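# Close look at the chain arrangement
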Amino acid sequence: MVSKPRVALGMLILAALAGGLLALLISLDVGAFWAKTLPLAFLVGAATVAQSLGLFNKKDSA
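In this convention, every chain numbers its residues from 1, walking through the sequence in written order. Under the rules for a predicted model, residues below a pLDDT of 70 receive no local features and side-chain atom pairs below 80 are neither given nor counted, while totals for whole chains, interfaces and linings still include all residues. Heavy atoms throughout the structure, all of them, feed into the side-chain values; hydrogens and water do not.

### So, the overall build of the protein chain
Worth spelling out the cut-off: Secondary structure elements follow DSSP: runs of H or I no shorter than four residues count as helices, runs of E no shorter than two count as strands, and numbering proceeds from the N terminus. Atoms considered for the radius of gyration are the C-alpha atoms alone. The globule rule reads 2.2 Å times the number of residues to the power 0.38. Partly exposed describes any residue whose relative accessible area lies between the buried limit of under 20% and the exposed limit of over 50%, with all areas from a 1.4 Å probe on protein chains only and scaled to the type maximum. We call two residues in contact whenever any of their non-hydrogen atoms come within 4.5 Å of each other. Residue exposure ignores everything except the shown protein chains as possible cover, and the areas themselves are Shrake-Rupley values with a 1.4 Å probe.
Helix and strand counts for the protein chain stand at 2 helices and 0 strands. A globule of 62 residues ought to have a C-alpha radius of gyration of about 11 Å, yet the protein chain, at 14 Å, is considerably larger. Each principal axis of the C-alpha distribution contributes one length, and for the protein chain these read about 50 × 15 × 10 Å. Looking at the protein chain as a whole, 18% of its 62 residues qualify as buried. Across the protein chain, every contact between residues at least 6 apart in sequence was considered, and the portion connecting residues at least 24 apart equals 64%. Counting only carbon and sulfur atoms, one obtains 73% of the accessible surface of the protein chain, whose full area is about 4,700 Å².

As structure tokens, then:
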């Protein structure tokens, strides 16, 4: 089962990292396509990896 607080905290951290990536891309003066695409791709990719690693699952209390 998925833990809602873990998902919220994980997505908040990923959103902060994507914002930092966006700031880095803007400071490097990349094109608008890359500035829009890379942070979204990072969010989707990182969330998929986190889910597949089981980071969002509740721990068993047994």
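### Quick word on helix α1 (residues 4-27)
As a reminder of what qualifies: Any helix carries an expected span of 1.5 Å times its number of residues minus one.
For α1, with 24 residues, the first-to-last C-alpha span of 34 Å sits near the 34 Å given by 1.5 Å per residue. Along α1, the residues that are buried comprise G10, L14, A18 and L25. Among the structural elements, α2 (32-53) are those in contact with the buried residues of α1. Positive backbone phi, at 60°, marks D29, one or two positions downstream of α1.

### Concerning the side chain of S3
Counting through the fold element by element, S3 comes out in the segment before α1. Using a relative accessible area of 10% as the deciding quantity, one classes S3 as buried. Discounting chain neighbours no more than four positions away, the residues touching S3 are F56 and K58.

### With respect to unusual backbone geometry
Even without glycine at this site, D29 takes up a positive phi of about 60°. One can find D29 in the loop between α1 and α2.

### What about the UniProt feature "transmembrane region" (unreviewed entry) in the protein chain?
The line we're drawing: UniProt positions are given in the numbering used here, feature names are shortened, and annotations may be inferred rather than shown by experiment.
The positions that UniProt labels "transmembrane region" (unreviewed entry) are, in the present scheme, residues 33-56. Between the end C-alpha atoms of residues 33-56 there is a gap of 31 Å, over a span that is 88% helix and 0% strand.

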